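Chain and residue survey
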Amino acid sequence: MIARASQLYLPTLREAPADAEALSHRLLLRGGFIRQLGAGLWTFLPLGWKVHQNIVQIIREEMNAIGCQEMLAPVLTPAELWEKTGRLSIPELFHLTDRGGRPYILAMTHEESFTFHGAELQSYRQLPQQWYHFGTKGRDEPRPRAGLIRMREFIMKDAYSFDRDEEGLEVSFRRYEAAYRKIFERCGVETYAVQAEPGMMGGKESVDFLAPAGSGENTLVTCENGDYAADLEIARGIPRDPEFPERLDAPEEVETPGATTIDSLAEYLSIDPAATSKAMPVVANGSVVLALVRGDDRLESAKLAATLGSDFRPATEEEIRTAFGADPGSLGPVGFQGEVVADEALRAGQFVAGANRTGWHLRGVEQGRDFQARVADIREAREGDRCPECGGALRFQTAIEVGHIFKLGTRYSEPLGAMFLDEDGKEKPIVMGSYGIGPARVMATIVEQRGDDRGISWPDSVAPYAIHVVALPGAEEQAEQAATALDAACYAVLLDDREQRAGEKFADADLIGCPVRVTVGKKTLEDGAVDVRDRATGEERRVALADLGKVS
RNA sequence: CGGGACGUAGCUCAGCCUGGUAGAGCACCGCGUUUGGGACGCGGUGGCCGGCGGUUCGAAUCCGCCCGUCCCGACCA
């Protein structure tokens, strides 16, 4: 079937709305792939849906290839299931009731639903199982953004593995990891698999697939030598060494009037900001904990939360005065009665710290001698750090999270009673994993990574059409012939048969981004030829009309 | 949820400060000339100026409330 531009709903735009900033947002909108219905709500127009379906099909094939079975679970879900797993209070969850007042939620992911069905598995003989679906997710995002990058409703491929034990889960997990690499490769997307925080999934181990892009919500940290990649939230970097002042045998008080920031403190004392320490009092589990990082560093809250094993919040000024007897800006670990968590960078050396006396600091404060701290990696890696593996330079890029896989363990099987009887006759909870990919995010990522100022450049694997035949005035018939020949050779063909000027057709072709453009016009028809142009490279060659369909 | 901005034609925006019958470019429709990189001329269609209330003889314009959208942050499988 030849698609005719004159009949397609393909509303391309010369300009993007002023509020569209991300490249993928602008180009998908301008190319007539998507349209907005509301905040975080997007309709896929015919071409956009084609691309989405192509990505879905690649994912489907790779899931099937590892023995994963496709099914479909509803979006509307009895709230009871989420009550049992304790996830009913997640703020992003959409709640609703039916006419009888019974509570439901819109699934934002389907662990509960799949585990509910997994509970029907009875025996180790039925394990392992791998199930997946392309399910619609609803999320009451506080801030949808950037077109397809963060939506309130979207389709996700989520898969769930059911194993007897941790060893089985490990095998399943690695299989998905390998399948994901193939999927992203086939979609033409550059990704890095990195260790990540499990977040609300509450699992043990998780691997994030991050794709560097011009826009995105994650920061990918990679080493120039290719031996390290991590999400900024957990990235380890080696900071430069501070220039320490002369060593002191004991801390020494120094008056620092008005020096409440690291910059002003370092300037006042004429020392390297890296030779100071920054005190960040937080409240975790009802008590004040002092998080201490080097003066030139920033606290990475995800790392601190992981170290503390719980969420925390900044302490209020009142809590600070009660716990330290001083104002913020003069706080330090010496003499503090609560727990101190100090960053690795403070393990050795003497630093300036707040004296817990407003307007005063201490010089020569040493961890282990002057105060006792739990030493952990709680700083945010930053530009200029060196690689923890090889000492190479670290690179920071914004990235889109296109996939995330989790080892769930028995987080869901226990509360939902998904038990099986093992060989030894004992009842055990099923050990689970969950594995997600957002096809729309993959789509946005492809545009981010491959788009240019003129438009999109789809890889063959996901392109809405393989070949875009542009019919120029006076060559309509020959363009039909060319399209027919290509169609017969099994190419998906888009024929631009609209009554438009050449320039507009070319501009639209560049924007829409089919891999190959065939230009049929009077200029070359005298020689019985057409121009075949590669969208990605811009290379053009002349091919005899009679040879079309024989070559790719 | 905090900070900022915006809402006028399908799209991009002007008009608002200083109240007095709603504008431009692009798009769209018709005719003509053009036709290998977003043409030109002539003539047209299209707007509850986000909503409600207030001030005023009179509100797109001033004031208040609400709604919506975007950006930064918080948040985020």
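Residues numbered from 1 in each chain as written. Chains lettered and ligands numbered in written order. Predicted model: local features only at pLDDT ≥ 70, side-chain atom pairs only at ≥ 80, totals over all residues. Heavy atoms only, no water.

Scanning chain A from terminus to terminus reveals 12 helices and 30 strands. The principal-axis extent of the C-alpha atoms belonging to chain A is close to 90 × 65 × 50 Å. The buried share of chain A, reckoned over its 552 residues, is 51%. Taking contacts inside chain A between residues at least 6 apart in sequence as the whole, the part at least 24 apart equals 69%. Taking the 62 positively charged and 88 negatively charged side chains of chain A as two groups, their mean positions are separated by 3 Å. (Helix = DSSP H or I, 4+ residues; strand = E, 2+ residues; numbered from the N terminus. Buried < 20%, exposed > 50% of the residue type's maximum accessible area, 1.4 Å probe, protein only. Contact = heavy atoms within 4.5 Å. Lys, Arg positive; Asp, Glu negative; His and termini not counted. Charge placed at Lys NZ, Arg CZ, Asp CG, Glu CD.)

Our focus in this paragraph is the pattern of salt bridges. Going through the model one piece at a time under the given rule, you end up with 43 salt bridges. For Arg498, the salt bridge is made with Asp508, and the minimal N-O distance between the two is 3.0 Å. Of this pair, Arg498 sits in the loop between strand 27 (493–496) and helix 11 (502–512) while Asp508 sits in helix 11, and the two are 10 residues apart along the sequence. By the burial criterion, Arg498 is buried, and Asp508 matches it. Its salt-bridge partner being Asp531, residue Arg542 comes within 2.9 Å of it at the nearest N-O pair. Remark: Asp531 occurs in strand 29 (residues 529–534) and Arg542 occurs in strand 30 (residues 540–544); sequence separation between them is 11 residues. On the basis of relative accessibility, which here comes to 47%, the residue Arg542 falls in the partly exposed class. Note on Asp531: relative accessible area 11%, which makes it buried. Several salt bridges converge on common partners, so that one network encompasses Glu141, Arg145, Arg150, Glu217, Glu401 and Arg441. (Salt bridge = Lys/Arg side-chain N within 4 Å of Asp/Glu carboxyl O.)

Under the definition given, this model contains 10 aromatic pairs. Judged by centre distance (4.6 Å) and plane angle (50°), the rings of Trp131 and Phe162 are tilted. Here Trp131 is found in strand 8 (residues 129–138), whereas its partner Phe162 is found in strand 9 (residues 153–163), with 31 residues between them in sequence. No difference in accessibility class separates Trp131 from Phe162, as the two residues are buried. (Phe/Tyr/Trp six-rings, centres within 6.5 Å; stacked < 30°, edge-to-face > 60°.)

Of note, Pro473 is situated in the loop between strand 26 (467–471) and helix 10 (476–488). When the C-alpha positions of Pro473 and Leu76 are compared, they lie 53 Å apart, and in sequence the two are 397 residues distant.

For the rest of this paragraph, the subject is the sheet that holds strand 14 (residues 252–255). Overall, antiparallel pairing links the three strands, which are arranged 14-20-19 in an open sheet. The sheet terminates laterally at strand 14 and strand 19 (350–357), the two strands that pair on one side only. Here the average twist between neighbouring strands, direction ignored, is 35°. Pairing between strand 14 and strand 20 (residues 360–366): four bridges, direction antiparallel. Bridging from a neighbouring strand, Val254 pairs with His361 of strand 20. (Pairing = 2+ DSSP bridges. Axes fitted to C-alpha atoms, helices over the stretch in contact; angles between N-to-C directions.)

Scanning all chains against the criterion turns up three cavities of 30 Å³ or more. The computed volume of the largest cavity comes to approximately 70 Å³. Residue lining of the largest cavity: Arg454, His468, Ala509, Asp510, Cys514, Val516, Arg517, Arg533, Asp534, Arg535 and Gly538, and that is the complete set. Where the lining of the largest cavity is concerned, the elements lending two or more residues are helix 11, strand 28 (516–520) and strand 29. Computed from the structure, the second largest cavity encloses a volume of approximately 50 Å³. (1 Å grid on protein atoms, 1.4 Å probe; cavity = no way out; pocket = protein on both sides within 12 Å on 5 of 7 lines; lining within 4 Å. Points joined across faces, edges and corners; volume = space filled by probe spheres on them.)

Taken N-terminus to C-terminus, the directions of helix 2 (residues 46–65) and helix 5 (residues 166–186) make an angle of 150°; their axes are 9 Å apart at the nearest point. Looking at the two axes, helix 2 sits roughly antiparallel to helix 5. Of the two possible hands of crossing, helix 2 and helix 5 adopt the one that is right-handed. Side by side, helix 2 and helix 5 meet where Ile58, Ile59, Glu61, Glu62 and Met63 of the first sit next to Tyr176, Ala179, Tyr180, Lys182, Ile183 and Arg186 of the second. Looking at the contact of helix 2 with helix 5 residue by residue, the class counts come to seven nonpolar, no polar and four charged. (Parallel < 35°, antiparallel > 145°, perpendicular 65-115°, else oblique. Left-handed = near helix turned anticlockwise from the far one by under 90°. Nonpolar A, V, L, I, M, F, W, Y, C, P; charged D, E, K, R; others polar.)

Helix 9 (residues 439–450) packs onto helix 2 with a crossing angle of 110° between their chain directions and a minimal axis gap of 9 Å. It follows that helix 2 is roughly perpendicular to helix 9 by the angle criterion. Where helix 2 crosses over helix 9, the handedness of that crossing is right-handed. Residues Gly48, Val51, His52, Ile55, Val56 and Ile59 of helix 2 pack against Pro439, Ala440, Val442, Met443 and Ile446 of helix 9. For the contact of helix 2 with helix 9, a count of residues per class yields nine nonpolar, two polar and no charged.

Judged by which residues are buried, strand 3 (residues 41–44) turns out to be one-sided: Trp42 and Phe44 face inward and are buried, whereas Leu41 and Thr43, on the alternate face, are not. Examined bridge by bridge, strand 2 (residues 34–38) and strand 3 share four bridges and lie antiparallel to one another. Looking at strand 3, one finds that Gly38 is bridged to Leu41. Joining the antiparallel neighbours strand 2 and strand 3 is a turn of two residues, in which Gly40 adopts a positive phi near 70°.

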